[in-house]
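# Close look at the chain arrangement
Now for the letters of each chain:
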Amino acid sequence: MNTEQQIHQLREELRDHNYKYYTLDAPAISDYEFDMKLKELQELERKHPEFYDSNSPTLRVGGEITKNFETVVHEHRMYSLDNSYSKEDLLDWEKRIKKLVDGDINYTCELKYDGASISLTYEKGVLVKAVTRGDGVQGDNVTTNVKTIKSVPLKLKGNFPPKFDIRGEIVLPYEGFAKMNQERIAAGEEPYANPRNTASGSLKLQDSSETAKRPLDCLLYNITGDRLEIVTQYENLKKARDWGFKVPVESKLVTSIDEVLEFVVYWDEHRHNLPYETDGVVIKVNDLQQQEELGFTAKAPRWAMAYKFKAEQASTMLEEITYQVGRTGAITPVANLEPVQLAGTTVKRASLHNADQIEKLDIRVKDVVFVEKGGEIIPKIVGVDFQKRNQNSLPTIYISECPECNTPLIRKEGEAQHYCPNYQGCSPQIIGRIQHYISRKAMDIEGLGGETVALLVNEGLIKNYVDLYELKKEQVIPLERMAEKSADNLISGIEKSKEIPFERVLFALGIRYVGETVAKKLAKHYKNINAIIEASEEELVNVDEIGIKIAQSVQEFFDSEENRILVNRLKEYGVQLEISAEKLANQTDILQGQTVVVSGVFEKVSRNELKKLIEDNGGKVSSSISSKTSYIVAGANMGPSKLEKANKLEISIISEDEFLDKIK
Ligand code: AMP
Ligand code: ZN
């Protein structure tokens, strides 16, 4: 096989694995194997730019920057949908359309996915264009960003027409959305409000590699084009599925409005089990000939109707507004409600977001408010029942001082949130920072939990995370719920945290905007804390993926005398503030992408040492020989069956010395 064929084959393989993983939810190989194949292809493409293909699976990671999105006129207009809310509405609609077409009418019922609508154009089975709905007549060309969405096929399968448009919805499934928000919160950033806006915002990011990182999905529901030889909507959906598109299987073909209503009722109840948000059902006349006869109004097709689910809402009394102080000092107003049942849970609290939100909705204590549960994790207040308002109530006055330490609050320009600037003396900030420091993804201190941290601070035993290293067992034992054993565990857990690698220490410091990934990037690039402290803003920005906001925040952190003292003390206690010399000296990526099998008995190193060497140099150790094995390192007495298998698969065998030479 020559290089070109090899590249083609890898592309095909990866395309197929992408399809199985993202569209069918049925992966055939491990993530690791996939990554290795992808790396291999990347490497080949880098060496052979002459075989460039704008639809290669390697381009899923993005990288192209779009400063201004080009405006594109839709070849077929993108319509909106008329809404219905009751059986009567649907029966009225049926009556209207029955006057316009002959024969029985069947309907397809589909879920109405709540995301950003998109139109994809395919020519000769290749994705050539992705355009947002815009005003329906023209939208933005967001092709580079859409190409990074793994469930969007870049090349089609089967027997597809030479040219067509397919419409659908770009959504952000709940799970990915929640994960994105957890990461933002861990980095001290404000969480995104809801999946829909985040999905549509993701399409307009200038850097497509940022879009690539968002767990977006694309659900398709309609093919348009000329001479498609499709006669019903239901067939439309099936065909799209056959060509490799992700078309949810929840749609149903029915013959009456009663059946439509059954579908609506069923999904109104069960939609919360779906991985993504839906806000209704779309009912479409199934026969495309009939659709054509019905045509469009100025705004929407006559042959389709949306039935909106009622947003899950409840009304209840707002008892009190309290204010929470986060570890970064950000103030969050919280509505304390008279408990009410909503979507199967009892709701007692709801987020009020910020001062603007309270003012905009004119929310006052003792108001009866409407609470809604959307894609958000915490329910939100969407409005006030003004008819029930007490005439004597007064507008809410937002607090001007920190509820915990009475320091006057500040609000930076362009930011929605108020902050307590008392970084050193405000107890929830102090506790929050220490809780972050000990958390699982940071220093992972065993035997120490968030509540104990609060106790330690409140008892005056510690004021910051460095003080943890001075704690004595005798000081801890008298604390509530502590005993000899748990105190021992706590002290040894703290001691053990001195082995946590630098990148996690950097994350643990709690620098605003420095989440796990950024911390890794900084650690890898600068190798030690001093280099980071000394780096100028310009230098920081030049590091891959570090933007101006992060750079400024890093500088601000280390500009503080107190923080520099903390860092110096951490150093004295032996916390890892540089990438360990051993790790630096021994780690390479010489064996990147190689899967190695170890067999037999060795002279210079033990089997385990050998395995560690392979991993430290970027390789992967596998216990069994397969076509994926790169080579075998064999010592004395290699097993005969292994030898036979290696010969059969023509996998090369190298000696211990040859291997050690490789990684020298
Ligand atoms: P609206 O924006 O409320 O007028 O609803 C119309 C939009 O619903 C369309 O532009 C589509 O983006 C979206 N939609 C979601 N799911 C479907 C579906 N299954 N069929 C048609 N449109 C859908
Ligand atoms: Zn405060």
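See the structure above.
Note that the structure is a prediction, hence the values are computed from the model and not measured. (Residues numbered from 1 in each chain as written. Chains lettered and ligands numbered in written order. Predicted model: local features only at pLDDT ≥ 70, side-chain atom pairs only at ≥ 80, totals over all residues. Heavy atoms only, no water.)

### What about the packing of aromatic side chains?
Which entries qualify depends on this criterion: Working definition: a ring pair exists when centres of Phe, Tyr or Trp rings (six-membered ring for Trp) sit within 6.5 Å. Plane angles under 30 degrees give stacked, over 60 give edge-to-face, the rest tilted. Note on conventions: DSSP H or I runs of at least 4 residues are helices, E runs of at least 2 residues are strands, and numbering of each starts at the N terminus. We call a residue buried when its accessible area falls under 20% of the maximum for its residue type, exposed when it is over 50%, and partly exposed in between, using a 1.4 Å probe and counting protein chains only.
What the rule picks out here adds up to 16 aromatic pairs. Taking the centre distance of 6.3 Å and the plane angle of 80° together, the rings of Phe164 and Phe245 count as edge-to-face. Of this pair, Phe164 sits in strand β7 (residues 163-171) while Phe245 is found in the loop between α8 (233-242) and β9 (252-254), placing the two residues 81 residues apart along the sequence. Here Phe164 falls in the buried class, since its relative accessible area comes to 1%. Phe245 gets classed as buried once you look at its relative accessible area, which sits at 1%. Both rings, one in Phe263 and one in Trp267, keep their centres 6.4 Å apart while their planes meet at 55°; by these two values the pair is tilted. Placement of the pair is Phe263 and Trp267 together in helix α9 (residues 257-270), with a separation of 4 residues, close to one helical turn. The buried category is assigned to Trp267, whose relative accessible area is 13%.

### Regarding the coordination of the zinc ion (ligand 2)
Reference values for angles at a metal are 109.5 degrees in the four-donor tetrahedral case and 90 or 180 degrees in the six-donor octahedral case. To keep it simple, the criterion reads: Keep in mind that water is not among the atoms, so a site may look incomplete; donors are the N, O and S atoms within 2.8 Å of the metal, or 3.2 Å for Na, K and Ca. Just to be clear on the cut-offs, tetrahedral is four donors with all angles between 85 and 135 degrees, square planar is four donors and octahedral six with opposite donors over 155 degrees apart and all others between 65 and 115, and anything else goes down as irregular.
Within the protein, Cys402 (SG), Cys405 (SG), Cys420 (SG) and Cys426 (SG) serve as the donor atoms for the zinc ion (ligand 2), at 2.2 to 2.3 Å. The site at the zinc ion (ligand 2) holds 4 donor atoms, and with the angles between them running 102 to 114°, its shape is tetrahedral. Of note, the zinc ion (ligand 2) draws all its donor residues from one chain, in the sequence arrangement C-x2-C-x14-C-x5-C. Remark: Cys426 occurs in the loop between β16 (380-384) and α12 (427-438) and Cys405 occurs in the loop between β16 and α12; sequence separation between them is 21 residues. Judged by relative accessible area, Cys405 falls into the partly exposed class, the value being 21%.

The analysis is restricted to geometry; functional conclusions fall outside its scope.
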